[in-house]
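Breakdown of the fold
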Amino acid sequence: MHTPLTRLTHPKRPFSYTATTYQHRHDALLLLALFLLLLCTACASGGTATTTTAAVTPTLTQPISAQQILAGPLTYVALGASDAVGVGSNQPGSQGYVPLLTKLLPKGSHTVNLGISGVHLHEALSEELPIALTTSPKLITIWLVANDFVAGVPYNGYMQDLDTLLNQLRTRTQARIVMGNLPDLTRLPAFASQNATQKAQMLTAIERWNTRIASIASHYHVAIVDLFSQYKLLTQHPEYISADGFHPSPLGYAQLANYFWQTITK
């Protein structure tokens, strides 16, 4: 049984002047006079009291090396969307790129797949990032960009969220972080209906996004998996793309896992 909180109160006492009370008032008056004297002195000299607070810059941790990744068991965390879930494969739990990467890790390693289908980066900051920070990961993969781009998320808003994500991961973990950039979506069947002008505009926007993504990643010592270049190879093989024309097929996920692994161990 919980004891209810009791608020303690004191009965009012009649006030009376005593020698002690007088002494306290006398001391208070002396302190007031001293304060006024100091204030007048400061005003006379033209001085102004100021308080300066030094800005605190978060310290970036030094990520572990590729050699350390291969040295022994570790916790691997995947932040992502439907591709991390394995949408497009027949058996997401085994054919997606995250479980395929898991098979390449040292024996005894543990994987935490935080992928959520349809998620945007801003949502991942509250739904995936907090969990990732509690797992003491040694390896983190990130692929959180295609949904934002296709949905028309503003460029500046996305880049601000990306900076927040990488800042938190780099200052609060020592993980080796590997991140996929924006693929050349114009090559996917899902966008085949676009005309030449629309595809050219999309390609220009993709290149702009990837340039800024690379800059932010470099600041936080995050390695980029250049899917923009690799997708040119992927789309030359129709069997690498699933029936929805957007997500990888099982064969495509195998290639995707290879691209991530090459960057992880480079």
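Residues numbered from 1 in each chain as written. Predicted model: local features only at pLDDT ≥ 70, side-chain atom pairs only at ≥ 80, totals over all residues. Heavy atoms only, no water.

**Observations concerning the overall build of the protein chain**
How we decide: Each helix corresponds to a stretch of at least 4 residues labelled H or I by DSSP, and each strand to a stretch of at least 2 residues labelled E; elements are numbered beginning at the N terminus. Here the term buried applies to any residue with accessible area under 20% of the maximum for its type, exposed to any over 50%, and partly exposed to those in between, with areas from a 1.4 Å probe on protein chains only. Any two residues having at least one pair of non-hydrogen atoms within 4.5 Å are treated as being in contact. Here, Shrake-Rupley sampling with a 1.4 Å probe gives the accessible areas, and only protein chains in the shown set may cover a residue.
From N to C terminus, the protein chain includes 12 helices and 5 strands. Within the span of the protein chain, comprising 266 residues, buried residues form 41% of the whole. In the protein chain, the proportion of contacts linking residues at least 24 apart, taken out of those at least 6 apart, comes to 79%. Entry remark: accessible area of the protein chain is about 15600 Å², with carbon and sulfur atoms responsible for 58%.

**Considerations on the confidence of the model for the protein chain**
Operational definition: Per-residue confidence from the predictor is reported as pLDDT, a score between 0 and 100.
Per-residue confidence for the protein chain averages 82 on the pLDDT scale, and 77% of its residues sit at or above 70. In the predicted structure, residues 1-56 sits below a pLDDT of 50 and forms 4 contacts with residues beyond four places in sequence or in another chain.

**Some thoughts on the sheet that holds strand S1 (residues 75-80)**
As a reminder of what qualifies: Two strands form a pair only when DSSP identifies at least two bridges running between them. Only the stretch in contact is used when a helix axis is fitted, and all axes are lines through C-alpha atoms; the angle between N-to-C directions ranges over 0 to 180 degrees.
Strand order in the open sheet formed by 5 strands is S2-S1-S3-S4-S5, with parallel pairing between adjacent strands. At either margin of the open sheet sits one strand with a lone partner, and together these are strand S2 (110-113) and strand S5 (223-225). Mean inter-strand twist for the sheet, computed between neighbouring axes without regard to direction, equals 20 degrees. Sheet topology note: the S1/strand S3 (residues 139-143) ladder contains 5 bridges and is parallel. What sits directly across from Val77, in S3, is Ile140.

**Observations regarding helix H10 (residues 196-219)**
Three- or four-residue spacings in an α-helix give side chains the same orientation, since the helix completes a turn every 3.6 residues. Our working definition: Multiplying 1.5 Å by the helix residue count minus one yields the expected span of that helix.
The end-to-end C-alpha distance of H10, which contains 24 residues, comes to 35 Å, matching closely the 34 Å that a straight helix rising 1.5 Å per residue would cover. Regarding H10, the residues found buried are Met202, Ile206, Trp209, Asn210, Ile213, Ile216 and Ala217. Looking one or two places after H10, you find His221, whose phi comes out positive at around 55 degrees.

**Some words on the packing of helix H9 (residues 155-172) against H10**
This is how it is decided: In this scheme, roughly parallel covers angles under 35 degrees and roughly antiparallel covers those over 145, while 65 to 115 is roughly perpendicular and the rest are oblique. Crossings are sorted by hand: turned counterclockwise from the far helix by less than a right angle, the near helix makes the crossing left-handed, and turned clockwise it makes it right-handed. The classification used treats Ala, Val, Leu, Ile, Met, Phe, Trp, Tyr, Cys and Pro as nonpolar, Asp, Glu, Lys and Arg as charged, and all other residues, Gly among them, as polar.
One way to put it is that H9 packs onto H10 with a least axis distance of 10 Å and a crossing angle of 25 degrees. Looking at the two axes, H9 sits roughly parallel to H10. Considering the relative orientation of H9 and H10, their crossing is right-handed. Contacts between H9 and H10 involve Tyr155, Tyr158, Met159, Leu162, Asp163 and Leu166 from the former and Arg208, Trp209, Arg212, Ile213, Ile216 and Ala217 from the latter. Counted by class, the contact of H9 with H10 contains 9 nonpolar, no polar and 3 charged residues.

**As for the packing of aromatic side chains**
As a reminder of what qualifies: Between rings of Phe, Tyr and Trp, where Trp is taken as its six-membered ring, a pair exists when centres lie within 6.5 Å; planes separated by under 30 degrees are stacked, by over 60 edge-to-face, and by other angles tilted. Throughout this description, the term charge over a ring refers to an Arg CZ or Lys NZ atom that lies within 6 Å of the ring centre and within 35 degrees of the ring normal.
Following the criterion strictly, the structure yields 6 aromatic pairs and no others. A ring pair is formed by Tyr97 and Phe260, whose centres lie 5.0 Å apart and whose planes are at 15 degrees; its orientation type is stacked. Of the two residues, Tyr97 is situated in helix H5 (residues 97-104) and Phe260 in helix H12 (residues 250-265); the sequence distance between them amounts to 163 residues. Note on accessibility: Tyr97 and Phe260 belong to one class, buried. Of the aromatic side chains, those joined through ring pairs into one cluster are Phe149, Tyr155, Tyr158 and Trp209. Its guanidinium or amino end placed over the ring of Tyr155, Arg208 lies 3.6 Å from that ring's centre, counting from NZ or CZ.

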